[in-house]
Amino acid sequence: MATVTLKGVKKIYDNKVTAVHDFTLDIADKEFIVLVGPSGCGKSTTLRMIAGLEDISEGDLIIGDKRMNDVEPKDRDIAMVFQSYALYPHMTVYENMAFALKLRKMPKDEIDKRVREAAEILDITQYLDRKPKALSGGQRQRVAIGRAIVREPQVFLMDEPLSNLDAKLRNQMRAEIIKLRQRIDTTFVYVTHDQTEAMTLGDRIVIMKDGFIQQIGTPQQVFDNPTNIFVAGFIGSPQMNFFNGTVAKVGDKYQLSVHGATMDLTAEACKALAEKGISSKDVTVGIRPEHIHFAPKGGAHTITATVDVSEMMGSEIYLHVSTDGKDVVLRVPTTDLPAEYRAGIPYGTEVKFTFPADLIHLFDPETELNLL
């Protein structure tokens, strides 16, 4: 098993485009790290540099205690699972899984043992004699994972392995990967653009944008304390709502004014703002759709809005409303709704909502950094 360390790693292409800037990360032995971000953020390039499929322009890659920058991919003791499965169509599942071990001239009985153990873990024993074309997408992806497992690598790399599967199968395979991780106990680096995958799989998440790391933390840390507006909007579904507001010091406390509502901030928020020497400031207010509550009647702390779209999801409603021309999404459990609204809320209905002070995020509109 192995630790993986990237120190100031950069990828600069021949056309002088920098795809990855100063990527620094320490991955512990047996840790499951997820690189997540929108298309083109540099996450797959970073993974390919760890694999040796892309040269490292600057910086160091250390696996275990050995610098790997100039080591051939086959000598890095890593295994990679691609989005496209990349199976040999003319070979059976068994032959696909055994192929890398045969190249290593491993004894036949050891190959057989490893292939059958991996097939057992992945529940594909019954398909060992089939060719890939006779398998479904989910089964093929299991074969691709099995082919990597049999090599018993120090580090397991996965590049968007579930993006070719339909939604139901993706959920199922996500659960399979969690189980697999508990059984094979190795270091994982997993790339995805899907924040649900990142949140459910990762011990820690590395959120990237435009080749830069935005934040590294546990799923709960990045959800509760996003470092900037980008992370706040990227993590969470539906995404966080943002409002224009102002904070002002009143005595030894701070008050937030947003869309006609006024509310006192928590002691922790007041302390954070006071430490920054803020007396009054325009802010971007972030609040997650699930943290907004209906208010039965209006008051100083409520915002009035009208309903545009009501999306019934069964156990909850996604309610799109507008207030002062601003679109806001509320995620409301159907059990919290008045009986007449259980089936949906008609277009144009006026509603009032509020949110708890301890779930408010405040960002600087210029730097976009979290003020709290």
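Thresholds applied
Residues numbered from 1 in each chain as written. Predicted model: local features only at pLDDT ≥ 70, side-chain atom pairs only at ≥ 80, totals over all residues. Heavy atoms only, no water. Salt bridge = Lys/Arg side-chain N within 4 Å of Asp/Glu carboxyl O. Buried < 20%, exposed > 50% of the residue type's maximum accessible area, 1.4 Å probe, protein only. Helix = DSSP H or I, 4+ residues; strand = E, 2+ residues; numbered from the N terminus. Expected span 1.5 Å × (residues − 1). Contact = heavy atoms within 4.5 Å. Pairing = 2+ DSSP bridges. Axes fitted to C-alpha atoms, helices over the stretch in contact; angles between N-to-C directions.

### Re the pattern of salt bridges
Summed over the entire model, instances satisfying the criterion amount to 17 salt bridges. A salt bridge links D60 to R67, with the shortest nitrogen-to-oxygen separation between them at 2.6 Å. We classify D60 as partly exposed; its relative accessible area is 26%. Judged by its relative accessible area of 44%, R67 falls in the partly exposed class. For the salt bridge of E176 with R142, the shortest nitrogen-to-oxygen distance reads 3.6 Å. Of this pair, E176 sits in helix 5 (residues 167–184) while R142 sits in helix 4 (residues 137–149), and the two are 34 residues apart along the sequence. If you follow the salt bridges from partner to partner, you end up with K11, R48 and E54 in one network.

### Section: unusual backbone geometry
Note the cis peptide between S237 and P238, where omega equals -10°. Considering the arrangement of structural elements, one finds P238 in the loop between helix 8 (229–234) and strand 11 (241–250). Positive phi, close to 55°, is recorded for D77, a residue that is not glycine. With respect to the helices and strands, the residue D77 is situated in the loop between strand 5 (66–67) and strand 6 (78–81). Judged by its relative accessible area of 31%, D77 is partly exposed. Phi is positive for D324, which is not a glycine, with a value near 50°. Here D324 is to be found in the loop between strand 17 (316–323) and strand 18 (326–333). Residue class for D324 comes out exposed when judged on its relative accessible area of 66%.

### A short note on helix 5
In this model helix 5 runs 25 Å from its N-terminal to its C-terminal C-alpha over 18 residues, within 8% of the 26 Å that 1.5 Å per residue would give. The secondary structure elements touched by the buried residues of helix 5 are strand 3 (32–36), helix 3 (108–122), helix 4, strand 7 (155–159), strand 8 (187–192) and helix 6 (195–201).

### Brief notes about the sheet that holds strand 20 (residues 361–363)
Hydrogen bonds between backbone atoms are what pair the strands of a sheet, whose relative direction is either parallel or antiparallel. Across the sheet, five strands lie side by side as 13-12-11-14-20; this open sheet has antiparallel pairing. The open sheet is flanked by strand 13 (261–264) and strand 20, the only strands paired with a single partner. Within this sheet the neighbouring strands show an average axis-to-axis angle of 35°, counted without direction. As defined by bridge partners, strand 11 adjoins strand 14 (residues 280–287) across eight bridges and the pair is classed as antiparallel. Note on strand 14: the bridge partner recorded for F243 is V285. Running at roughly 100° to strand 12 (residues 253–258), helix 9 (residues 267–275) makes contact with strand 11, strand 12 and strand 20 of the sheet.

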